[in-house]
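Secondary and tertiary structure notes
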Amino acid sequence: MKFPRLPRISLFWGIFPVYLLLTSGSLGLLTWQDLRANRAAALAGAFDDLETSVFLTGPRFLHALSLGDEETLLALCRGIRSGTGTRVTFISTAGKVLADSDRDPVLLDNHGDRPEVRQALEEGSGRAVRESSILGYRMIYYAFRLTRENGKTAGVLRAGRPAYEIDQAFQPYAYRLVGTALALFLVSALLLWLVLKLQLDPLEIIRSGAARFAAGDLVHPIPAKGGRELAALAESLNRMAGKISDQIRALERTQLEREGVLTSMTEGIIAVDREERIIFANRAAHSWFLEQDLLARGRRLPDVMPRGEIAALAREILLTGEEREMEVVLPGTEGLHFQIRGTVLRHPGGEDPGALLVLTDITGLRKLERAQGEFVDNVSHELGTPITAIKGFAESLTDAVLGDREKTRRFLGVIRRQADRLEAIVSDLLCLSRLEQETAEGLLPLTLTPLRPLLEEAMQDCAARANEGRVTIFLKCENDLSARVNPRLLEQAVLNLLDNAVKYSEPGRVIWLEAEASCPGSGKE
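An account of the accompanying structure is given in this report. (Residues numbered from 1 in each chain as written. Predicted model: local features only at pLDDT ≥ 70, side-chain atom pairs only at ≥ 80, totals over all residues. Heavy atoms only, no water.)

Looking now at the pattern of salt bridges. In total, this model carries 18 salt bridges according to the counting rule given. Residue E322 pairs with R324 through a salt bridge whose shortest N-O separation is 3.1 Å. For E322, a relative accessible area of 43% translates into the label partly exposed. For D499, the salt bridge is made with R465, and the minimal N-O distance between the two is 2.1 Å. Residue D499 is found in helix α13 (residues 487–503), and its partner R465 is found in helix α12 (residues 451–468); the two are separated by 34 residues along the sequence. (Salt bridge = Lys/Arg side-chain N within 4 Å of Asp/Glu carboxyl O. Buried < 20%, exposed > 50% of the residue type's maximum accessible area, 1.4 Å probe, protein only. Helix = DSSP H or I, 4+ residues; strand = E, 2+ residues; numbered from the N terminus.)

On to the packing of helix α5 (residues 163–215) against helix α6 (residues 228–264), then. Where α5 contacts α6, the axes come no closer than 10 Å and their chain directions differ by 10°. As the angle between them shows, α5 and α6 are arranged roughly parallel. Contacts between α5 and α6 involve Q199, P202, L203, I206 and F213 from the former and L230, L233, A234, L237, N238 and A241 from the latter. Grouping the constituent residues of the contact of α5 with α6 by class yields nine nonpolar, two polar and no charged. (Axes fitted to C-alpha atoms, helices over the stretch in contact; angles between N-to-C directions. Parallel < 35°, antiparallel > 145°, perpendicular 65-115°, else oblique. Contact = heavy atoms within 4.5 Å. Nonpolar A, V, L, I, M, F, W, Y, C, P; charged D, E, K, R; others polar.)

Pairing in this open sheet of five strands is antiparallel, and the strands run β2-β1-β5-β4-β3 from one edge to the other. Because the sheet does not close on itself, it has two edges, and the strands there are β2 (97–100) and β3 (125–131). Along the sheet, successive strands turn relative to each other by an average axial angle of 20°, direction set aside. Alignment of strand β1 (residues 87–91) against β2, held across three bridges, turns out to be antiparallel. The partner of I91 across the bridge, within β2, is V97. Seen against the sheet, helix α4 (residues 115–123) touches β1, β3, β4 (138–147) and β5 (153–162) and runs at an angle of roughly 170° to β3. (Pairing = 2+ DSSP bridges.)

The full count for this structure, using the stated rule, is four aromatic pairs. Ring centres 5.7 Å apart and planes at 15° place the aromatic pair F61 and F90 in the stacked group. Of this pair, F61 sits in helix α2 (residues 58–67) while F90 sits in strand β1; the two residues are 29 residues apart in sequence, bridging distant segments of the chain. For the residue pair F61 and F90, the accessibility class agrees, reading buried in each case. (Phe/Tyr/Trp six-rings, centres within 6.5 Å; stacked < 30°, edge-to-face > 60°.)

What follows is about a nonpolar patch on the surface. A cluster of nonpolar side chains, L11, I15, Y19, L203 and L233, forms an exposed patch at the surface whose accessible area comes to about 380 Å². For the nonpolar patch, the element with the most residues is helix α1 (residues 11–55), which contributes three residues. Residue position: L11 is located in helix α1. Judged by its relative accessible area of 47%, L11 is partly exposed. (Patch = residues over 30% accessible without salt bridge, like charges linked within 9 Å, V, L, I, M, F, W, Y side chains within 5 Å. Areas by Shrake-Rupley, 256 points an atom, 1.4 Å probe, with all protein chains shown as cover.)

Running from amino to carboxyl end, α1 crosses α5 at an angle of 160°, the nearest separation of the two axes being 9 Å. The angle between the axes of α1 and α5 places the two elements in the roughly antiparallel class. The two elements α1 and α5 meet at a crossing, and its hand is right-handed. Split by residue class, the contact of α1 with α5 holds 25 nonpolar, five polar and three charged. (Left-handed = near helix turned anticlockwise from the far one by under 90°.)

Let us now look at the nonpolar core. Of all hydrophobic cores here, the largest spans 24 residues; its most connected members are F61, F90, I140 and L157. Mapped onto this core, the elements with two or more residues apiece are α1, α2, α3 (70–84), β1, β4, β5 and α5. The dominant element in this core, judged by the number of residues it contributes, is α1, at five residues. With residues near it in sequence (within four places) discarded, I140 still touches L43, A46, F47, L50, A128, V129, A159, G160, R161, A163 and I166. Residues V272, A281, M305 and L318 belong to the second largest nonpolar core, which totals 22 residues. (Core = buried A, V, L, I, M, F, W, Y, C linked by side-chain atoms within 4.5 Å.)

The next point concerns the environment of S53. Tracing the chain through its elements places S53 in helix α1. Through-space distance from the C-alpha of S53 to that of G83 is 9.1 Å; in sequence the pair is 30 residues apart. In contact with S53, not counting residues within four places along its chain, are I80, T84, T86 and A159.

And the structure:
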């Protein structure tokens, strides 16, 4: 059986009304019991007063009854009435009223059925609080049996007083008692309000502070107010907030460091969940697409990737849980080549929430491979020409007549020139290899060197060949132009350029060797 859920109320209104109810109930019960006990005592005192007022006059009523003097009986009743204010009635054993202090006995009906009269006849005395059928209001009656000397019952002498007299006498005490109870109730309510205020106000401060902590405000501590327990609770919450704040800062630092690492990576990083929705993409991945928000968090990878192979690779990783690798050329990226490695994105808890794709730009590698291929082709061609010439002239020498000195000298000269050409090519290859090795190992020294003297030396080395080919070389370089270079390698490179220019220039042509600053506004360096 389910009970209905009660609405939530504050702790104050959960305690204060209940305490007021218990206090009012307790005070009401005590007041009612006290009023009841005191009224019973007052009623008992009234009965005692009635008994005292008529008991001492009993012998006189017996004497008047023995004489048969009804006037004396009536006088006795009225005398008691005038002296004590008590109504007195004398009743025979048959219930007939023989004398009454307030009414004519003839007009009164038989009193044999009155409860106090019957009880007095049976037990010797009787008491009753009832409404008088004659007077019309409640009366207090006390009756006792009069017995003659021979033991026979002579009648019943009854005394009565209005009950409202007891109530009137008791009413001031009742008012005082009720007023005292109300005063106690108000004082207890005020004390309870003060106690709850003193205890619940610090608790409310703690509650609001805990709400601030839950909202993320861990800077402002909770004041340690109230009793020892509440102060200890506030201090515990403050320590907890401090630890949580430290953990959050540590997590934020870790997150920033992780994002900094991922953002600074030259490789593109794309992470997707099991529904192929993007959960992370770093700056490099964004930069390879035209729209910056194309890889926005929450979008599905098949909807945003320009190549279906990438989305298919991620889907295959999610299905198989195995690593995959592929190479693609993204459209709209000027023919950029990318190597994509994909693996399962694993959670520290052991779950596999998605897939992780790493995109590496290998365009430079592919260009280098093509350049290497072209270089090999060029070197093969350059080596093939002198080798073919040497081989042909060697065969000619083998078949030639040894006595033909002129032809032999001419063939040997060609072989020497082609051998020199082979030597130059091999020297250039070794120089390139050494240059690449020193550059890769960071061993290539660079110094700030004036360029004009270095270029002039290269021109002087080529001057003899230029004169033979009737080619003129001019230099255009400012005297104060300098650069951070390796002088030996730069001179060798310029010398090779000039040598090729002289070699492949027709007689009478002019070769210009120029050097200028790449940033004219930034100085001569």
